[in-house]
Amino acid sequence: MLRNAFGSYVSPQLMSEIVAGRIRPGLGGKRQRVCILFADIRDFTSRTEFMPPEEVIAMLNRYFTEMTQSVHSHGGTVDKFIGDGMMCFFGAPQPLAQPAQSATAAALDMLRRLEALNARFAEQKIAPIAVGIGLHLGEAVIGHVGSDARHEYTVIGDAVNTAYRVEGLSKALGYPLVISRDVWSELAERGH
């Protein structure tokens, strides 16, 4: 019953932990090594300035459906949607041996899915979407943040801020995907 009622509000990994009783109500969190992914649509404001809001929502929902599938299929958790952006993390609530590898695989899958989505958009005379994705690996605190009446399961810490800045570099550098040195080090260490 819980899965049916709340399954689309939280990522599958998080829902499994809630149903199993491993994530309990209450504020607080624990320190964990995670890889954080930020993704953002390029020039979204100017692109949608003259679009009816219903069309903007429909386009965003198609985009987020594809991106969310990439994250979930690689063991990630969608933390939140922030306008046209999304924040995700890998390595919590269930630890991953190689969170950077999972996040990188998800990011590459996101770019493949975006290419296919843009082909469908072109058939409908809709301008293609360009994105920037940033990844950073580090320690953060994962848990419930908010109040007793309303809270969310999220990740907090400098690693989140760094991941956000790395995503910002993708626009300045002109690449759709930019990773931090910490992500690179884990991938290189594992021979990827």
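Look up a bit, the structure's there.
Definitions and limits used
- Residues numbered from 1 in each chain as written.
- Predicted model: local features only at pLDDT ≥ 70, side-chain atom pairs only at ≥ 80, totals over all residues.
- Heavy atoms only, no water.
- Helix = DSSP H or I, 4+ residues; strand = E, 2+ residues; numbered from the N terminus.
- Buried < 20%, exposed > 50% of the residue type's maximum accessible area, 1.4 Å probe, protein only.
- Contact = heavy atoms within 4.5 Å.
- Areas by Shrake-Rupley, 256 points an atom, 1.4 Å probe, with all protein chains shown as cover.
- Core = buried A, V, L, I, M, F, W, Y, C linked by side-chain atoms within 4.5 Å.
- Pairing = 2+ DSSP bridges.

A. Structural context of the overall build of the chain. The helix and strand inventory of the chain stands at seven helices and six strands. Helices and strands appear in the chain in the N-to-C order α-α-β-α-α-β-β-α-β-β-α-β-α. Of all 192 residues assigned to the chain, the portion counted as buried reaches 43%. In the chain, the share of contacts with a sequence separation of at least 24, taken over all contacts with a separation of at least 6, comes to 70%. Accessible area of the chain: about 10500 Å², with a carbon and sulfur share of 56%.

B. Highlighting the nonpolar core. Counting 31 residues, the largest nonpolar core has Leu37, Tyr63 and Met86 as its most contacted members. Counting only elements with at least two residues in this core, the list comes to strand S1 (28-41), helix H4 (53-73), strand S3 (85-90), helix H5 (99-123), strand S4 (131-146) and helix H7 (181-189). Element by element, the count of residues in this core is highest for H5, at eight residues. If you look at the next biggest cluster of nonpolar residues, it comprises 13 residues, including Met87, Ala92, Ile142 and Tyr153.

C. Spotlight on the pairing of S4. When you tally the buried positions in S4, you get 12 out of 16 residues, the bulk of the element. Bridging between S4 and strand S6 (residues 177-179) involves three bridges; their strand directions are parallel. Across the sheet, the residue bridging to Ile133 is Leu177, located in S6.

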